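Listed below, chain by chain, are the residues.
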Amino acid sequence: MAASLRLGRQGVLFGFRLSSTFDRCLLATHPCQDNVRHFFRSPWILGVSPFKVEMPALSPTMEEGSIVKWLKREGEAVAAGDPLCEIETDKAVVTMESNEDGIMAKILMEEGSRNVRLGTLIALMVEDGQDWKKVEIPPPDAAGPPSTAAGPVVPPAAPSPARPLKPVWSGPLRLSPAARHILDTHGVDAKLATPTGRRGLITKEDALNLLKTSPVTKPTRATVAPAPPRPVPPLASTPPPSGSRPNVPPLSVPGKPGAPGTFTEIPASNVRRVIAQRLTQSKTTIPHAYASVDCDMAAVMHLRKSLAKEQIKVSVNDFIIKAAAVTLKEMPEVNVTWSGDGPCALDSIHISVAVATNKGLITPIIKDAADKGVQEISANVKALAQKARDGKLLPEEYQGGSFSISNLGMFGISGFSAVINPPQACILAIGTSRSELRLCEDDQTLCTQQLMTVTLSSDGRLVDDELASRFLDKFRGNLEQPQRMTLA
Amino acid sequence: MMSHVRSTLSLGRNRSASIATCSGETALVLLSQSNDVFQNLALEDWIEANVDLRRRGVLLLWRNRPAVVIGRHQNPWAECHLPAMRAAGVPLARRRSGGGTVFHDLGNLNLTFFSSKTAYDRRRNLKVVTEALRRLRPALDVRATDRFDILLNGHFKISGSAARLSRKSSYHHCTLLHSADRSALAEMLRPSCPGIHSNATPSVPSPVTNLLDHAPTLQWEELLDALVHQYNAEFSSSSSSSSITVDPGDEAAFPGVGASAAELCGWDWTFGRTPKFRVETVLQLTDERAAARCSARLQVEVKGGVVESCRLDVPDDWLPPRLSSEVSGVLVGGRFCRHRAAAAITELTRSESGELRSRLKDLGDAVLTVIG
């Protein structure tokens, strides 16, 4: 072999076995002299290498099956075409035949094993004439779906199926780039990994194996969530995890709120990871179009003050919600969802309002906002926000909105663009009110204006720039002259 | 009514193998004249083993006197109510194909589609049934599902399927509820005892209905004819309505079928093939005379239909521990079968007397109720 020219004896052994663990095994435990002897004697020491019998695909759609009965016992001769076992899958009992001649050496999955996945090792056979009792049993992790690594050596003297020995590698830690990334993301110590690569390289598989065995640590948010330059974007509703309810973000279905008490279950997620996934899905699949407009908040502020005098407490946000709802009512072509190949109009106007809680952002829904007065909207928002902070929102209270509003004005943000909550079509991002000096054309004096920047992110397929602009114009009109909302 | 030709296979050695060697491209339709579930199942096995299915397929139509048929890998104690069946004289059969439990009676038609392994296509087979029904009663909404059931009006199950594939051939059989006794069905298809833990294939219960309830004028004969015609149209090069009536009890025509039927009704196949399971349940014991009651725990492990281990936890003040351990001891090693257990427990009871005897008998009865 070519390797032998460069590396001498070691090269020969490298070439002889695919797995370098074998190599390390022998070199570490036996003096060099013995290697030569082992080379010539190896077939007998190594144990009998078996044919693997794996769970077959008995139909194109089969994914798993149950072993009903073994028709051959250990030690029994098998001819090609002989039935080996009966497997039940999908209401059909199928007799599985052997492809090879040989002797049944070891049955790994007993009768009655259910849900055995395709490719799982179910038995081992050896060639005729070999000692089936000395069959090499691959360790459980190598017994998964077809793996090319020749199983680690099991010398008869050491009967336990040996895992690759942790090598005594005293050099610096060597990580493949993928392994390094994985271990860094999860904050796991690379020294705990068992390297299986050449010259002590910790491969991606080793890193993944280490993750499986070590307790799972939450990946740091910075690396998982795509780092957007924008501040916290609102996204699909996530109920804050509370004692009794699973940590589950529901899928919002506009116009069709989920039945009470129903959840969509996504196993093994924590809030952040799912937020990240939903964000990415939204940003990558929906073509976002942005439009901004400045609204003069003078009228709203004035109205708010006069209502406060009558002990009616409403906030600017409530007016914004009302204005958005009324505008949606006036422009139903914006109250749509993407149905796969075109817009699908919604029959009701439910506004999702982003609420910040300490567990994450959640968007409870104000139902039929266009038909409610500002006072009622205000009461709803307060009640829902409190429920959200207590983690007591019901699914129908956060599932099924047609339009979202996210207000970061309280953080002093002047303006931002939000990420759309699929499958909604738009989201309105509200900034803070700022005072601006403006020249009044009428009397050439300077007057201050309370301006608030709102940015509409819309799904370009449904609400293009032109429609978005008209929407914003109407919205601004409704907000700057609140009395117009009485017309809707 | 379509005109048809029905010929009866005559007895006699010279025709004994005629089905097996029947050549030609035409698909073969067979009608079983037996209503015995074991004979019909044995006939299925015979056809699969002996008929060359490589060039053409076979359809077997059959129906049975009331019987419960469980799948290859199922647990009869979990699937059907053995005491109710015993009271009604309904036998239990285990078929060789997989899937769930069904109740057979004379209003339930069975269809078995035999084909080579490569021609195995359950969807195509079910299309024969749905097309036939559509031609007969176009107003009925019959559709086959992904799980190879046939649903009426999108909701009621009128047919379920199971299949078996072996070396060269395969069969797919399904039921068709024409006019089955639905109350008997509900009565029989419930578990014999609670607390069974096993790896056996579970049945998926579904609401069922009879075709007759939705198409009151649909006669049995009419249904059979339509199915035969449709099968030939789908699988045969010629479209005919001919079918052959066969007698599964005819040993000359089907050599070995008798032995096969005998094996199928034996205890070893029907009950002994149950995958290993465990029963964990609570027994309510009462003593009428002392007007007292208590609960006991029973844990039994059964493998191959035979009790491997048995544990009875009876409060010490109810029965002396030696008696309860004797009861469990006498059950171990024997079949998980009511007759056997009853005999063993009666022996024990005989040697006691007085209050202990009645309590022991009550315990015995409770255990027997669990066994079914």
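Residues numbered from 1 in each chain as written. Chains lettered and ligands numbered in written order. Predicted model: local features only at pLDDT ≥ 70, side-chain atom pairs only at ≥ 80, totals over all residues. Heavy atoms only, no water.

## What about unusual backbone geometry?
Residues and elements named next belong to chain A.
Step number 1: Phi at N115 is positive, roughly 55°, even though this residue is not glycine.
Step number 2: N115 gets classed as partly exposed once you look at its relative accessible area, which sits at 47%.
Step number 3: For Q311, which is not a glycine, the phi torsion comes out positive at approximately 65°.
Step number 4: Tracing the backbone shows Q311 in the loop between helix 8 (298-309) and helix 9 (316-330).
Step number 5: Relative accessible area serves as the criterion here: at 67%, Q311 is assigned to the exposed category. (Buried < 20%, exposed > 50% of the residue type's maximum accessible area, 1.4 Å probe, protein only. Helix = DSSP H or I, 4+ residues; strand = E, 2+ residues; numbered from the N terminus.)

## Considering helix 2 (residues 37-50) of chain B
Residue and element names in this part refer to chain B.
Step number 1: Spanning 14 residues, helix 2 covers 20 Å between terminal C-alpha atoms, matching the ideal 20 Å at 1.5 Å per step.
Step number 2: Among the 14 residues of helix 2, 11 are classified as buried, and the element is accordingly described as predominantly covered.
Step number 3: Three or more residues of helix 2 are buried, namely V37, F38, N40, L41, A42, L43, E44, D45, W46, I47 and E48.
Step number 4: The opening residue of helix 2, the one whose side-chain oxygen lies 3.0 Å from the backbone nitrogen of F38, is D36. (Expected span 1.5 Å × (residues − 1). Polar contact = N/O pair within 3.5 Å; in protein donor to acceptor, adjacent residues only side chain to side chain.)

## Quick notes on a positive patch on the surface
Step number 1: A grouping of A:R304, A:K305, A:K309, A:K313 and A:K382 is seen on the molecular surface, where their side chains present a positively charged patch.
Step number 2: Ranked by residues supplied to the positive patch, first place goes to helix 8 of chain A with 3 residues. (Patch = residues over 30% accessible without salt bridge, like charges linked within 9 Å, V, L, I, M, F, W, Y side chains within 5 Å. Areas by Shrake-Rupley, 256 points an atom, 1.4 Å probe, with all protein chains shown as cover. Salt bridge = Lys/Arg side-chain N within 4 Å of Asp/Glu carboxyl O. Lys, Arg positive; Asp, Glu negative; His and termini not counted. Charge placed at Lys NZ, Arg CZ, Asp CG, Glu CD.)

## A look at the sheet that holds strand 1 (residues 51-54) of chain A
All names here are of chain A.
Step number 1: Spatial ordering of the open sheet is given by 1-8-6-3, a layout of 4 strands whose pairing is antiparallel. Two strands close off the open sheet at either side, each with one partner strand: strand 1 and strand 3 (77-78).
Step number 2: Bridge count for strand 6 (residues 102-107) against strand 8 (residues 121-126) is 4 bridges, and the pairing is antiparallel. Residue pairing in the sheet places M104 in a bridge with M125 of strand 8. (Pairing = 2+ DSSP bridges.)

## A few points about the packing of aromatic side chains
Residue and element names in this part refer to chain B.
Step number 1: Under the criterion given, the structure shown has 10 aromatic pairs over all chains.
Step number 2: Taking the centre distance of 5.0 Å and the plane angle of 65° together, the rings of W77 and F336 count as edge-to-face. In this pair, W77 is assigned in helix 3 (residues 76-79) and F336 in the loop between helix 11 (321-331) and helix 12 (338-350), connecting sequence segments 259 residues apart.
Step number 3: For W77, a relative accessible area of 1% puts it in the buried group.
Step number 4: A relative accessible area of 2% places F336 in the buried class. (Phe/Tyr/Trp six-rings, centres within 6.5 Å; stacked < 30°, edge-to-face > 60°.)

## A closer look at the packing of helix 9 of chain A against helix 12 (residues 465-480) of chain A
Residues and elements named next belong to chain A.
Step number 1: Where helix 9 meets helix 12, the closest approach of the two axes is 9 Å, and the angle between their N-to-C directions is 130°. Considered as vectors, helix 9 and helix 12 are oriented oblique to each other. The interaxial crossing formed by helix 9 with helix 12 has right-handed handedness. Facing F319, I320, A323, A324, V326, T327, L328 and E330 of helix 9, the residues of helix 12 in contact are F471, K474, F475, N478 and L479.
Step number 2: Of the residues belonging to the contact of helix 9 with helix 12, the class tally is 9 nonpolar, 2 polar and 2 charged. (Axes fitted to C-alpha atoms, helices over the stretch in contact; angles between N-to-C directions. Parallel < 35°, antiparallel > 145°, perpendicular 65-115°, else oblique. Left-handed = near helix turned anticlockwise from the far one by under 90°. Contact = heavy atoms within 4.5 Å. Nonpolar A, V, L, I, M, F, W, Y, C, P; charged D, E, K, R; others polar.)

## Describing the interface of chain A and chain B
Step number 1: If you look at the interface, chain A gives 16 residues, while chain B gives 24 residues.
Step number 2: The contact between chain A and chain B buries some 1700 Å² in all, and 43% of this surface belongs to carbon and sulfur atoms.
Step number 3: When the buried surface of chain A facing chain B is broken down by residue, A:K91, A:V93 and A:R114 rank first, second and third, together holding 39% of it.
Step number 4: Joining chain A to chain B, the criterion identifies 4 salt bridges.
Step number 5: Here B:R164 and A:E86 are joined by a salt bridge, their closest N and O atoms 3.0 Å apart.
Step number 6: Applying the counting criterion to the chain A and chain B interface returns 10 residue pairs in polar contact (both at pLDDT 80 or more).
Step number 7: Sorting the residues of the side of chain A that touches chain B by element identifies strand 2 (64-70), strand 4 (83-89) and strand 5 (92-97) of chain A as the ones contributing at least two each.
Step number 8: For the side of chain A that touches chain B, the element with the most residues is strand 5 of chain A, which contributes 5 residues.
Step number 9: Of the residues assigned to the side of chain A that touches chain B, the class counts are 5 nonpolar, 4 polar and 7 charged.
Step number 10: Bridging between strand 5 of chain A and strand 11 (residues 161-165) of chain B involves 3 bridges; their strand directions are parallel. Among the inter-strand pairings, A:A92 is bridged to a residue of strand 11 of chain B, identified as B:A163. (Buried area = accessible area lost by both parts, 1.4 Å probe.)

## A few points about the pattern of salt bridges
Step number 1: Enumeration over the complete set of coordinates arrives at 37 salt bridges over all chains.
Step number 2: A salt bridge links B:R322 to B:E352, with the shortest nitrogen-to-oxygen separation between them at 3.6 Å. Separated by 30 residues along the polypeptide, B:R322 in helix 11 and B:E352 in the loop between helix 12 and helix 13 (354-371) bring together distant segments of the chain.
Step number 3: Because the salt bridges share partners, they merge into one network encompassing A:K72, A:E76 and A:D82.

## Observations regarding the confidence of the model for chain B
Step number 1: Mean pLDDT over chain B stands at 87; residues scoring 70 or higher make up 92%.
Step number 2: Across the interface, the model reports ipTM at 0.74; the global pTM reads 0.54. (pLDDT = per-residue confidence, 0-100.)

## Let's talk about the pairing of strand 3 (residues 58-62) of chain B
Residue and element names in this part refer to chain B.
Step number 1: Burial of strand 3 is extensive: 5 of the 5 residues sit out of reach of the surface.
Step number 2: As paired strands, strand 2 (residues 28-32) and strand 3 are joined by 4 bridges and run parallel to one another. Bridged to L31 within strand 3 is L61.
Step number 3: With respect to chirality, the unit in which strand 2 leads through helix 2 into the neighbouring parallel strand 3 is right-handed.
Step number 4: Alignment of strand 3 against strand 7 (residues 108-116), held across 5 bridges, turns out to be antiparallel. Bridge pairing in strand 7 links V58 to F114. (Right-handed = clockwise from strand over helix to strand, strands pointing away.)

## Thoughts on the packing of helix 11 of chain B against helix 13 of chain B
All names here are of chain B.
Step number 1: The contact between helix 11 and helix 13 brings their axes to 11 Å, and the two run at 40°. In terms of orientation, helix 11 and helix 13 fall into the oblique class. The handedness of the crossing between helix 11 and helix 13 comes out as right-handed. Contact residues: helix 11 offers L323, V327 and L331, while helix 13 offers L356, L360, L363 and V367.

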